[in-house]
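# Breakdown of the fold
Each chain is listed here by its residues.
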Amino acid sequence: MPSRMEHRASFATPADTVHAALVDEAYLADRLQALGGTNASVMDRAEHNGEVTYRVRQGLAADHLPSAVRTLLKGDLVVDRTETWRADRTGTVTATIPGVPGEITGKSTLSDTADGSTWVTELEIRVSIPIVGGRIEKAIGEQVVKLLANEAAFTEKWLARQG
């Protein structure tokens, strides 16, 4: 059974401003440079009919991973992630980890609040390994939620610098 997780972040800026940042090429490059880890890169980015889709590769050194994940991977964690954002400020995400039979899927929503905006990401993590899959899903999910929290903090700072 897949593991489900949710991450919420609040911003002092309107949802349209946050959305514009999340799909901005300079923002993506800056975010990956700051948080992307080993061999981080924007693999591609495209705009079509009001949608922006990009693929990024991020890495996390093995010594930062729980032992259950280190045993499976035998090296650093590499995440290939594709995000699509629509003009209505909703999006989808899929991520795979080479060497791990499974995937992460989810949806994101940016919405205005009285004080700015909120970014909600709902994720489903599925690892197809009998007996230990659930433990690995939980460990990967915890790392993904930490990553999303770090990305939200980076986004808030990046937006403040753009002034």
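Residues numbered from 1 in each chain as written. Predicted model: local features only at pLDDT ≥ 70, side-chain atom pairs only at ≥ 80, totals over all residues. Heavy atoms only, no water.

## Some remarks on the packing of helix α2 (residues 25–35) against helix α4 (residues 133–162)
Where α2 contacts α4, the axes come no closer than 11 Å and their chain directions differ by 125°. Compared by their axis directions, α2 and α4 come out oblique. When the axes of α2 and α4 are compared, the crossing they make is right-handed. Contacts from A26, Y27, D30, R31, A34 and L35 in α2 reach N150, E151, F154, T155 and W158 in α4. Looking at the contact of α2 with α4 residue by residue, the classes come out as six nonpolar, two polar and three charged. (Axes fitted to C-alpha atoms, helices over the stretch in contact; angles between N-to-C directions. Helix = DSSP H or I, 4+ residues; strand = E, 2+ residues; numbered from the N terminus. Parallel < 35°, antiparallel > 145°, perpendicular 65-115°, else oblique. Left-handed = near helix turned anticlockwise from the far one by under 90°. Contact = heavy atoms within 4.5 Å. Nonpolar A, V, L, I, M, F, W, Y, C, P; charged D, E, K, R; others polar.)

## Points about the packing of helix α1 (residues 15–22) against α4
Viewed as axis vectors pointing N to C, α1 and α4 meet at an angle of 100°, and their least axial separation amounts to 11 Å. As judged from the angle between their axes, α1 and α4 are roughly perpendicular. On α4, the residues that touch T17, V18, A21 and L22 of α1 are T155, W158 and L159. When grouped by side-chain class, the residues that make up the contact of α1 with α4 number five nonpolar, two polar and no charged.

## Some points on the nonpolar core
Grouped together as the largest cluster of nonpolar side chains are 20 residues, with contacts concentrated most on L22, Y27, W85, L110 and W119. Counting only elements with at least two residues in this core, the list comes to β1 (3–11), α1, α2, β3 (51–60) and α4. Excluding anything up to four places from it in sequence, L110 contacts A15, V18, H19, L22, W85, R89, T118 and W119. Core analysis: the second largest hydrophobic core is formed by 14 residues, V93, A95, I97 and I125 among them. (Core = buried A, V, L, I, M, F, W, Y, C linked by side-chain atoms within 4.5 Å. Buried < 20%, exposed > 50% of the residue type's maximum accessible area, 1.4 Å probe, protein only.)

## Side note on the sheet that holds β1
Read from one edge to the other, the open sheet built from seven strands follows the order β1-β7-β6-β5-β4-β3-β2, with strand pairing classed as antiparallel. With partners counted over all chains shown, the strands left at the sheet margins are β1 and β2 (41–48), one partner each. Taken over all neighbouring pairs, the strand axes of this sheet differ in orientation by 15° on average, direction set aside. As judged from the six bridges shared by strand β5 (residues 90–96) and strand β6 (residues 102–113), these two strands associate in the antiparallel manner. Note on β6: the bridge partner recorded for G91 is S108. Most of the contacts of α1 go to β6, to which it runs at about 145°, and overall it touches β1, β3, β4 (77–85), β6 and β7 (116–127). (Pairing = 2+ DSSP bridges.)

## Comments concerning the pattern of salt bridges
Summed over the entire model, instances satisfying the criterion amount to 14 salt bridges. Among the ionic pairs, R8 bridges to E6, the shortest N-O distance being 2.9 Å. Exposure remark for E6: the relative accessible area of 43% places this residue in the partly exposed category. K107 is the partner of E122 in a salt bridge, and the nearest nitrogen-oxygen pair spans 3.6 Å. (Salt bridge = Lys/Arg side-chain N within 4 Å of Asp/Glu carboxyl O.)

## Brief notes about the confidence of the model for the protein
Of the residues in the protein, 95% reach a pLDDT of 70 or more, and the chain-wide mean stands at 90. α1 holds the highest mean pLDDT among the elements of the protein, 97, whereas helix α3 (residues 67–73) holds the lowest, 69. (pLDDT = per-residue confidence, 0-100.)

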